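Below, each chain spelled out in residue letters.
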Amino acid sequence: MKKPAMRSKKIADCFLTYAILVVVSMVFLFPILWLVLSCFSASGSIYSFNGFFPTEYSFDSFKTLFTDTVMYNYISWFGYTLLVAVVSSVIGTLLVILTAFTISSFQFSGRKFLMKGALVLGMFPSFMGMIAVYLLMTQFGFINSHIGLALIYAGGAPMGYLVQKGFFDTIPNSIYEAARIDGASNLHIFCKITLPLSKPIIVYTLLTQFAWPWSDFVLPKLLLKDRDLWTVAVGLMSLPETEFARFAAGSVFIAVPIVILYFFLSKYMINGLSAGAVKE
């Protein structure tokens, strides 16, 4: 009697689990479906929708997105966004990896205080420092500068070093000791031993550092005053309600590169994240 009862309970638990997953999936899928269908609205205005979805469909929104660039130069915005994301991800990844490797491999005065301080500061939302950031960028002449914007993203990257440190903690210290006995310097150990073993966490860091400026709105809106220098997020938010189809088309198009990157590099992301989550 116990086995049929246990089997029925297992089937019920399995059914309930899948039912919850389906409901949650639909909750997340519906906004995506609505946005994708909105791209093909013939009128382009959100006020012409029949309920949630457009009444007529057309490809004109994608055409105007790339051809009508007098007021809303999407191609230019896309290029500037790519520039900021690439520069900030490369510099930010280098800074994060160096920070995590240093804290993981060396014992120095103030190490624990530095770790606790970074953890506490990470609890505060980034917009609290926007006034200070704006004043600093004004003094350095980085207003309307994409390089200045990229440097801000890269400068804040080392604050999130904990996952990378967890990955470096899993590398056996005996490898480093053997290299030092052979006369290798710390720089040689980092370049020839640590980096080749750290491909998963490097790819994970590159992707996460790339994704943040790729879709951020607050900092570009604060620092980029010229319409021609805007990033995609700022540019799309400036579109009126009558251009909602163009807004949806631009949002979907800018999501394509990051989705492709995550799809092809998900293996390295999972390995890097899982290895950095546990210290062996």
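Provided above is the structure to which this section pertains.
Here the structure is a predicted model, which is why all the values come from computation and not from measurement.

J.: Got a minute to help me understand the nonpolar core in this structure?
T.: Across soluble globular proteins, nonpolar side chains have a tendency to be buried as a group. Residues Tyr-74, Leu-149, Trp-214, Leu-219 and Val-232 are the most contacted members of the largest nonpolar core, which totals 29 residues. Where this core is concerned, the elements lending two or more residues are helix 3 (74–105), helix 5 (130–140), helix 6 (146–156), helix 10 (199–215), helix 11 (218–223), helix 12 (232–237) and helix 13 (244–277). Considering each element in turn, this core owes the most residues, 5 residues, to helix 3. When residues no more than four places from it in sequence are discounted, the contact partners of Leu-149 are Val-84, Leu-219, Pro-220, Leu-223, Leu-224 and Thr-231. Phe-101, Ile-103, Phe-167 and Ile-171 belong to the second largest nonpolar core, which has 17 residues in total.

J.: Sorry if this is basic, but what is going on with the pattern of salt bridges here?
T.: Any two side chains of opposite charge can pair, so long as their charged atoms come close to each other. Under the definition given, this model contains 3 salt bridges. Ionic pairing is found between Asp-169 and Lys-165, a salt bridge with its closest N-O pair at 2.8 Å. Placement of the pair is Asp-169 and Lys-165 together in helix 7 (residues 162–169), with a separation of 4 residues, close to one helical turn. The class for Asp-169 is buried, based on a relative accessible area of 16%. The exposure class of Lys-165 is buried, given its relative accessible area of 11%. Linked by salt bridges that have partners in common, Asp-68, Glu-243 and Arg-246 make up one network.

J.: Please clarify how the side chain of Thr-205 should be interpreted in this entry.
T.: Along the chain, the position of Thr-205 falls in helix 10. Taking relative accessible area as the criterion, Thr-205 reaches 0% and is therefore assigned buried. Among the polar contacts listed, one links the side chain of Thr-205 to the side chain of Gln-164, at a separation of 2.8 Å. Dropping the residues within four chain positions of it, Thr-205 is found in contact with Thr-93, Val-96, Ile-97 and Gln-164.

Definitions and cut-offs
- Residues numbered from 1 in each chain as written.
- Predicted model: local features only at pLDDT ≥ 70, side-chain atom pairs only at ≥ 80, totals over all residues.
- Heavy atoms only, no water.
- Core = buried A, V, L, I, M, F, W, Y, C linked by side-chain atoms within 4.5 Å.
- Buried < 20%, exposed > 50% of the residue type's maximum accessible area, 1.4 Å probe, protein only.
- Helix = DSSP H or I, 4+ residues; strand = E, 2+ residues; numbered from the N terminus.
- Contact = heavy atoms within 4.5 Å.
- Salt bridge = Lys/Arg side-chain N within 4 Å of Asp/Glu carboxyl O.
- Polar contact = N/O pair within 3.5 Å; in protein donor to acceptor, adjacent residues only side chain to side chain.

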